[in-house]
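Observations on the model geometry
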Number of protein chains: 2
Amino acid sequence: MKSPLRVAITGAAGQICYSLLFRIASGEMLGKDQPVILQLLEITPAMKVLDAVAMELNDCAFPLLHGIVTTDDSAVAFKGANIALMVGAKPRGPGMERADLLKDNGKIFNTLGKVINDVADANIRICVVGNPANTNALILSKNAPKLNPRNITALTRLDHNRAVFQLAEKTGNNLNDVTHMTIWGNHSTTQVPDISNAMVAGEAATSKVDNEWAENDFIPTVAKRGGAVIAARGSSSAASAANGIIDHVHDWMLGTAEGDWASMAVPSDGSYGIAEGIIFSYPVTCKDGEYSIVQGLELSDFIKGKIKESEAELIDERETCSDLF
Amino acid sequence: MKSPLRVAITGAAGQICYSLLFRIASGEMLGKDQPVILQLLEITPAMKVLDAVAMELNDCAFPLLHGIVTTDDSAVAFKGANIALMVGAKPRGPGMERADLLKDNGKIFNTLGKVINDVADANIRICVVGNPANTNALILSKNAPKLNPRNITALTRLDHNRAVFQLAEKTGNNLNDVTHMTIWGNHSTTQVPDISNAMVAGEAATSKVDNEWAENDFIPTVAKRGGAVIAARGSSSAASAANGIIDHVHDWMLGTAEGDWASMAVPSDGSYGIAEGIIFSYPVTCKDGEYSIVQGLELSDFIKGKIKESEAELIDERETCSDLF
């Protein structure tokens, strides 16, 4: 059997993690032959609830779960970690400006970046979920110089999966008939869900739906889906966010599906003219634990314009937080 | 690809199902090559929350999820169902006697049994989770004469998994080193977690722990674990209960692990001298969708006595509800 991988997870007593941890422990994220040690971080007041989560994880008798660490000390949580899922973040409170949210979370990811730099495995792979996810990932990266910056990513897979569903529903196809979906840009309302290259049952999506729907219905529906779930459910997406995390890490580590790609927010290398260094969602293929940005896609002027708007937002976020680098 | 199986689930907007549905849709229960259609039943006031759950299921873009039905009409939920997971039940309220709880839930399972009898697939396999699970399953069975009574079971796999963890922790072994655990009897505090035949890393468990622990510590710890989780978590086990359901149905349909067995509450055929017909937890092996009660195990007088107590409770429950047959 393989050696266990250490998976550090923040916000571990929260709702997303209650849907996430059990799926990781069952082998859904890293494979049915890969033991894991869960290293769970919470703030001190949440430790009692976290201990209850640990009881329930034990009560599943997962064969792949080789250990659980519960702690409110980040140096313990990230020690030797091979993978980190940064789920916890400070939510936006009433009357709080977006810049305040950026700054408050920036400070958290500044601190955690330094800790990870000091105690984690040097080859650690990180997925940032807590919002503003892209810029939190950038701040973490800037404070963790020992790590490979390529390995610090943010989650747009939930948006990607939401987009796949919207297109499948619109065309009356099964979910597994939809491939080559793309989310470009920031995990925010400026994100660009793009069907330009998507396929539905082997045919171009653009031949199955009209442009009006793709631009004026599909994009805002996907970008605002989180709000629609909150309105219906009374609380924010948890199980579907957890599933996005599972898919993100699964595909990164074990490979994207043959003949398809996924969306991941990764450090821009300048592809598609995007400013280098910002954490930008691109279509990627993955193999053997490495991702590659898909090159050479043709984009309409409309999509190019939307992408530039999302890039501008990310550059602005970077400037707001530049004192945290 | 295989034809989809229809999985009907009650209490679908509740906490257990929020942990359960996503794992079923991902293929954890019935296999990664088995599409499913989820047929979700709730009471009318919970339909809005259930619709939000359906939104999130869609937002996972699970390739195996070929459809979702949400309804407050049991005839719709169970129509053509191949598998039913009876998660919903009326909880015990303040000042409510156990007999009242039995009667109130008995009426629900009486009604649902008749509906399932009329509209479900004749070969439907049923796992009852809502308490009192064993007797609810019996009432359902008595009201569904067209079904094969062997296919109406109740959940003790959560207790089984809890017992595996307790023994692994006590002996300092990994969870996958523990095999041949048994839960006998009723899913209640009279249940009999039994290590008589359990193995730990290939050696008899009884050679690794003393009898005093097995009788006076292990048994009550497992039987009262649900209460300990409530005390720590502030609400009852959800993700671990969902996992027990996944394991129960997975092993039933796809087979128990080679060289091991599982615990399932099934109609007694008189094995081990238990009254025929009551739904009693036994060690079982499963293959090709059929279970067999493990025969010929040697039991101590202590375990035999405990089993008789649990049998007596189930016979008493049957009598309390006999007007519902």
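Residues numbered from 1 in each chain as written. Chains lettered and ligands numbered in written order. Predicted model: local features only at pLDDT ≥ 70, side-chain atom pairs only at ≥ 80, totals over all residues. Heavy atoms only, no water.

**Overview of the packing of aromatic side chains**
Tallied over the entire structure, the rule returns 14 aromatic pairs over all chains. An angle of 75° between the planes, with centres 6.2 Å apart, marks the rings of Trp184(A) and Tyr282(A) as edge-to-face. With Trp184(A) in strand 8 (residues 182-184) and Tyr282(A) in strand 13 (residues 279-287), this pair connects stretches of sequence that are 98 residues apart. Residues Trp184(A) and Tyr282(A) agree in their burial class; the two are buried. Judged by centre distance (6.3 Å) and plane angle (35°), the rings of Tyr272(A) and Tyr282(A) are tilted. Remark: Tyr282(A) occurs in strand 13 and Tyr272(A) occurs in the loop between strand 12 (262-267) and strand 13; sequence separation between them is 10 residues. For Tyr272(A), a relative accessible area of 24% gives the class partly exposed. An aromatic cluster of three or more residues is present, and its members are Trp184(A), Tyr272(A), Phe280(A) and Tyr282(A). Its guanidinium or amino end placed over the ring of Tyr291(B), Arg150(B) lies 4.2 Å from that ring's centre, counting from NZ or CZ. (Phe/Tyr/Trp six-rings, centres within 6.5 Å; stacked < 30°, edge-to-face > 60°. Helix = DSSP H or I, 4+ residues; strand = E, 2+ residues; numbered from the N terminus. Buried < 20%, exposed > 50% of the residue type's maximum accessible area, 1.4 Å probe, protein only. Lys NZ or Arg CZ within 6 Å of the ring centre and 35° of its normal.)

**A closer look at the pairing of strand 4 (residues 83-86) of chain A**
Residues and elements named next belong to chain A. Taking every second residue as pointing to the same face, both faces of strand 4 are buried, with Ile83 and Leu85 on one and Ala84 and Met86 on the other. Pairing geometry for strand 1 (residues 5-10) and strand 4, over four bridges, is parallel. Residue Ile9 lies in a different strand from strand 4, and its bridge partner there is Leu85. As paired elements, strand 4 and strand 5 (residues 125-128) share four bridges and run parallel to each other. Its bridge partner lying in strand 5, Met86 is registered against Val128. Handedness of the crossover joining strand 4 and strand 5 through helix 4 (residues 98-119): right-handed. (Pairing = 2+ DSSP bridges. Right-handed = clockwise from strand over helix to strand, strands pointing away.)

**Things to note about the sheet that holds strand 10 (residues 199-200) of chain A**
All names here are of chain A. In space, the three strands of this open sheet follow the order 7-10-11, with antiparallel pairing throughout. Two strands in the sheet have a free side with no partner beyond their single neighbour: strand 7 (178-179) and strand 11 (203-204). As defined by bridge partners, strand 10 adjoins strand 11 across two bridges and the pair is classed as antiparallel. Bridge pairing in strand 11 places Met199 opposite Ala204.

**Considerations on the relation of the copies chain A and chain B**
For the pair chain A and chain B, the best superposition has an RMSD of 0.0 Å and corresponds to a rotation of 180° with a translation of 0.0 Å parallel to the axis. In symmetry terms, the pair is related by a two-fold rotation axis. When C-alpha distances to the rotation axis are compared across chain A, the minimum falls at Ser19(A), with a value of 3.1 Å. Counting the interface residues of chain A, we find that 100% of their copies in chain B are interface residues as well, pointing to one common contact surface. (Least-squares fit on C-alpha atoms with pLDDT ≥ 70 in both. Contact = heavy atoms within 4.5 Å.)

**Digging into the domain arrangement of chain A**
Residue and element names in this part refer to chain A. Split into domains, chain A comes out as domain 1 (5-154) and domain 2 (157-320). Distance from the C-alpha centre of domain 1 to the C-alpha centre of domain 2: 23 Å. With 33 residues of domain 1 at the interface, the matching set in domain 2 holds 34 residues. A combined buried area of about 2,700 Å² lies between domain 1 and domain 2, and 63% of that area is made up of carbon and sulfur atoms. When the buried surface of domain 1 facing domain 2 is broken down by residue, Arg125, Asn134 and Arg150 rank first, second and third, together holding 24% of it. At the surface where domain 1 touches domain 2, the tally comes to two salt bridges. Between the two partners, domain 1 and domain 2, sit 11 residue pairs in polar contact (both at pLDDT 80 or more). Breaking the side of domain 1 that touches domain 2 down by element, the ones donating at least two residues are helix 1 (15-25), strand 4, helix 4, strand 5, helix 5 (133-142) and strand 6 (152-154). (Domains from an automatic or database assignment. Buried area = accessible area lost by both parts, 1.4 Å probe. Salt bridge = Lys/Arg side-chain N within 4 Å of Asp/Glu carboxyl O. Polar contact = N/O pair within 3.5 Å; in protein donor to acceptor, adjacent residues only side chain to side chain.)

**Observations regarding the environment of Pro149(A)**
All names here are of chain A. Considering the arrangement of structural elements, one finds Pro149 in the loop between helix 5 and strand 6. Of the residues examined, Pro149 reaches a relative accessible area of 45% and is grouped as partly exposed. Sequence spacing of Pro149 and Arg125 is 24 residues, and the spatial spacing of their C-alpha atoms is 9.4 Å. The contacts of Pro149, once residues within four sequence positions are left out, are Ser141 and Pro267.

**Here's the deal with the packing of helix 4 of chain A against helix 5 of chain A**
Residue and element names in this part refer to chain A. Interhelical geometry of helix 4 versus helix 5 gives an angle of 40° and a closest axis separation of 7 Å. The angle between the axes of helix 4 and helix 5 places the two elements in the oblique class. Regarding helix 4 and helix 5, the two cross each other, and that crossing is right-handed. Judged by residue contacts, Leu102, Asn105, Gly106, Phe109, Asn110, Gly113 and Ile116 of helix 4 engage Thr135, Asn136, Ile139 and Leu140 from helix 5. Considering only residue class, the contact of helix 4 with helix 5 consists of five nonpolar, six polar and no charged. (Axes fitted to C-alpha atoms, helices over the stretch in contact; angles between N-to-C directions. Parallel < 35°, antiparallel > 145°, perpendicular 65-115°, else oblique. Left-handed = near helix turned anticlockwise from the far one by under 90°. Nonpolar A, V, L, I, M, F, W, Y, C, P; charged D, E, K, R; others polar.)

**Regarding the side chain of Arg162(A)**
With respect to the helices and strands, the residue Arg162(A) is situated in helix 6 (residues 157-171). You can call Arg162(A) buried: its relative accessible area is 4%. Side-chain polar atoms of Arg162(A) contact the side chain of Ser237(A), separated by 3.0 Å. Those residues in contact with Arg162(A), other than ones at most four positions away along the chain, are Val222(A), Arg225(A), Gly226(A), Ser237(A) and Asp59(B).

**Remarks on the environment of Val178(A)**
Residues and elements named next belong to chain A. Relative to the assigned elements, Val178 resides in strand 7. Owing to a relative accessible area of 6%, Val178 belongs among the buried residues under this scheme. Expressed as a C-alpha distance, the spacing of Val178 and Val200, which sit 22 residues apart in the sequence, is 4.6 Å. Other than its neighbours up to four places away in sequence, Val178 contacts Val164, Leu167, Ala168, Met199, Val200 and Asp260.

**Examining the confidence of the model for chain A**
Averaged over all residues, the pLDDT of chain A equals 96, while 100% of them reach at least 70. Interface confidence for the predicted complex, given as ipTM, is 0.97, next to a pTM of 0.97. (pLDDT = per-residue confidence, 0-100.)

**Structural notes on the packing of helix 2 (residues 47-58) of chain A against helix 8 (residues 225-233) of chain B**
Viewed as axis vectors pointing N to C, helix 2 of chain A and helix 8 of chain B meet at an angle of 155°, and their least axial separation amounts to 8 Å. The angle between helix 2 of chain A and helix 8 of chain B falls in the class roughly antiparallel. For the pair helix 2 of chain A and helix 8 of chain B, the sense of crossing is left-handed. Residues Lys48(A), Val49(A), Ala52(A), Met55(A), Glu56(A) and Asn58(A) of helix 2 of chain A pack against Arg225(B), Ala228(B), Val229(B), Ala231(B), Ala232(B) and Arg233(B) of helix 8 of chain B. A breakdown of the residues in the contact of helix 2 of chain A with helix 8 of chain B according to their chemical character gives seven nonpolar, one polar and four charged.

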